[in-house]
Amino acid sequence: MSPPPLVYERYAKLVSRGAPDSVDFLNGQWQRDLVEPVIGDRPHYTKAGSGSTTLHIYYQADTATWHIASEVGAGLVFVAAASIAHHPNTVPRSAWMLAKLNAGAVSLEAWPDFEIVTEGPNTEEEPFLLEEIGVDFFLRVQLKTRKVIWFESPAGEVYHSAAKPGGAGGRAKPGKRYCHICHKCFSANNFQTQHLANLHRPTAPSDITCVPDGAGGVHLWWKPPPPPPCGEPELAAFQLRFSIDGGVSWQVGIENTDSPEPCARVGNLSPGHAYLFMVAAINAAGMGDFSPPSPPLHHSPDGITTAVPSLNSILSSPHSSAVSSPLHHSP
């Protein structure tokens, strides 16, 4: 006996909104494509565009990019998002970029008002399917306080996402959240603090190298943690901290580098201090452990001196192609 067909849509709908009037045909409701529901191991949605055009939301696997285009793999791309999220609903809103043609070249422009979201009844009787909200929803979407999601697991069991029972909607039992990496549901009460923290947050970076930039600042490079076995959650950024009292206390130098590149630049160092630096990796599951401290970087009124490799040897390293992120602070 063959298994029942996979249900892609039931009670929910995928909606895009926030596109300006000049391209308002990008706004509206989307349907899962019935002929080719999956492209690049991700959902494929369609809707009517302007005139007789059909628009497609699909994942371009070879570039790890989501597209809204007039054809799959061809045609005019209107919107793009660099993300390996498993569903348009779990692509960060900030990732969607408008493709614009300028002097014959295509450029991407930030589009902060545009979003693609899944809407639905969200009740115990009419819960979301993971196919509707994204199997990676509970990894990538940070639920707001008191926001509860009713969903059906792949096994057909209906759960809510609240940590505790009670509240509106008849939540008689504690909630659960689904982990698409482990392919099972876990207690919502400790999903973030235990499951993600223990299994899916990144390990610590290592081998921090500091090179004075000759302008009162320092370039830093480090070895990033190895990627997880399944490739997810992918590295998103790093946090950098510094100490000027030998590691007794630490201050945040760069809260979030906004880049997975293992490098940064810190400027405006205060003379007369020996600086230590450490970094931690950030992914969708949270921030991991910090690296061991760097060797001391001594910044004197006459300049910066420290026992580090020459700048030329660092620039010839594999990390030298990364673009640094400037930061100015006054410790």
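For the structure, check the block above.
Note that the structure is predicted; figures quoted are calculated from it, not measured.

(A) Structural detail: the side chain of Glu152. Of note, Glu152 is situated in strand S13 (residues 150-152). Only 2.9 Å separates the side chain of Glu152 from the side chain of Arg10, close enough to count as a polar contact. When near neighbours in sequence (up to four residues on either side) are disregarded, Glu152 contacts Arg10, Pro127, Phe128, Leu129, Leu130, Glu157 and Val158.

(B) Examining the packing of aromatic side chains more closely. Under the criterion given, the structure shown has 10 aromatic pairs. Ring centres 6.2 Å apart and planes at 85° place the aromatic pair Trp96 and Phe114 in the edge-to-face group. Here Trp96 is found in strand S9 (residues 96-102), whereas its partner Phe114 is found in the loop between strand S10 (105-110) and strand S11 (115-119), with 18 residues between them in sequence. The exposure class of Phe114 is buried, given its relative accessible area of 0%. Between Phe151 and Tyr159, the ring centres sit 6.0 Å apart and the planes meet at 45°, which makes this aromatic pair tilted. Each member of the pair, Phe151 together with Tyr159, is buried. Through a chain of ring-to-ring contacts, three or more aromatic side chains come together here, namely Phe137, Phe138, Phe151 and Tyr159. Looking at Arg32, its charged tip hangs above the ring of Tyr45, at a distance of 5.7 Å from the centre. The lysine or arginine in question, Lys47, covers the ring of Trp30, its NZ or CZ lying 5.7 Å from the ring centre.

(C) Representation of the pattern of salt bridges. Throughout the structure, instances matching the rule amount to 10 salt bridges. Linking Arg17 and Glu119 is a salt bridge whose minimum nitrogen-to-oxygen distance equals 2.5 Å. Remark: Glu119 occurs in strand S11 and Arg17 occurs in strand S1 (residues 13-17); sequence separation between them is 102 residues. For Glu234, the salt bridge goes to Arg140, with nearest N and O atoms at 3.2 Å. With a gap of 94 residues between them, Glu234 in the loop between strand S18 (218-223) and strand S19 (235-243) and Arg140 in helix H2 (residues 137-140) connect regions that are remote in the sequence.

How each quantity is defined
- Residues numbered from 1 in each chain as written.
- Predicted model: local features only at pLDDT ≥ 70, side-chain atom pairs only at ≥ 80, totals over all residues.
- Heavy atoms only, no water.
- Helix = DSSP H or I, 4+ residues; strand = E, 2+ residues; numbered from the N terminus.
- Polar contact = N/O pair within 3.5 Å; in protein donor to acceptor, adjacent residues only side chain to side chain.
- Contact = heavy atoms within 4.5 Å.
- Phe/Tyr/Trp six-rings, centres within 6.5 Å; stacked < 30°, edge-to-face > 60°.
- Buried < 20%, exposed > 50% of the residue type's maximum accessible area, 1.4 Å probe, protein only.
- Lys NZ or Arg CZ within 6 Å of the ring centre and 35° of its normal.
- Salt bridge = Lys/Arg side-chain N within 4 Å of Asp/Glu carboxyl O.

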